[in-house]
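Spelled out, the chains give:
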Amino acid sequence: MKMRIEKDSMGELNVPAEALYGAQTQRAINNFPISDEPMPEAFIRSLIMIKAAAARANEKLECLSPELSQAIQNACDELLNDEQLMTHFPVDGLTRFPRELSGGQRQRVGLMRALMLRPEVLLLDEPLGALDPMIRANLQRDLKAIFETLESTVLFVTHDLNEATWLGDSITLLR
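Along each chain, numbering runs from 1 in the same order as the chain's sequence is written. Predicted model: local features are reported for residues with pLDDT of at least 70 only, side-chain atom pairs are reported and counted for 80 or more only, and whole-chain, interface and lining totals are derived from all residues. Hydrogen atoms and water are omitted, and side-chain values are computed over all heavy atoms in the structure.

Asker: I'm lost on unusual backbone geometry in this one. Help?
Answerer: A negative phi angle is the norm for most residues apart from glycine, just as the trans form is the norm for most peptide bonds. At Glu62, a position not held by glycine, the phi torsion is positive, near 65°. Note on classification: 1.4 Å probe, protein chains only; a residue is buried when its accessible area is under 20% of the maximum for its type, exposed when over 50%, partly exposed between these limits. Residue Glu62 is classed as exposed on the basis of its relative accessible area of 73%. The residue Glu126 is not glycine, and still its phi comes out positive at about 50°. Only DSSP runs of H or I covering at least 4 residues are called helices, and only runs of E covering at least 2 are called strands; the numbering of each starts at the N terminus. Mapped onto the secondary structure, Glu126 falls in the loop between strand S3 (121-125) and helix H5 (133-149).

Asker: Explain the side chain of Ser69 here, please?
Answerer: Within the secondary structure, Ser69 sits in helix H3 (residues 66-80). According to the relative accessible area criterion, Ser69 is buried, its value standing at 0%. Discounting chain neighbours no more than four positions away, the residues touching Ser69 are Ala55, Arg56, Glu59 and Leu64. Contacts are residue-level and defined by heavy atoms, with any inter-residue pair within 4.5 Å sufficient.

Asker: Would you take a moment to explain the pattern of salt bridges for this structure?
Answerer: Where charged atoms of side chains with opposite charge meet at close range, the side chains can pair. What makes a salt bridge here is a side-chain nitrogen of Lys or Arg within 4 Å of a carboxyl oxygen of Asp or Glu, nothing more. Applying the stated criterion to the full structure yields 4 salt bridges. The salt bridge partner of Glu6 is Arg4, with a shortest N-O separation of 2.7 Å. A residue is classified by how much of its surface remains accessible, and Glu6, at 23% relative accessible area, is partly exposed. Arg136 is the partner of Asp160 in a salt bridge, and the nearest nitrogen-oxygen pair spans 3.8 Å. Taken together, the residues Asp160 in the loop between strand S4 (153-157) and helix H6 (161-167) and Arg136 in helix H5 connect sequence positions 24 residues apart. With relative accessibility at 27%, the residue Asp160 sits in the partly exposed group. Via salt bridges that share partners, Arg136, Asp160 and Glu163 belong to a single interconnected network.

The structure is reproduced here in structure tokens:
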């Protein structure tokens with residue numbers, strides 16, 4: 001395998017030549033291989049802070065637009081601030097593997113990933129369909145609050161008419 005040398009604050013590191021990432025990501029791969037050992041919360045928080053700092057630096061270097069840089073920084077701030085995390089996903093959950101998460105937690109992770117991009121239009125196709133009633137009710141309340149704070153259009157596909165009337169501003173029925 002062809003390798004290239006990348007440098008970061010910790011020194012030089014060999015990275016696969018075709019990889020789209022640099023030394024920091026390679027160091028994380030080396031130190032936390034795919035195994036049953038989850039990444040510590042402090043490490044995840046550090047990566048979030050690095051991502052925000054990289055966005056600021058890339059904006060100054062004119063590699064990122066100010067809008068995209070600010071969107072990345074805002075998403076990082078939300079992840080770091082437990083009380084303002086819109087999806088109510090516990091930060092300690094970030095250290096777990098997907099198989100260790102409940103169905104509701106997996107849905108929240110998917111929602112966090114979608115919201116970080118700050119889309120103008122968000123399509124949610126039966127996002128709560130496979131959840132038990134208690135978790136579904138909690139997520140419905142959370143989604144309603146999220147939809148009220150977002151400045152984007154949400155297309156929510158559901159077979160549950162009660163859910164549609166409670167979450168939606170307008171409803172379209174298809175046959």
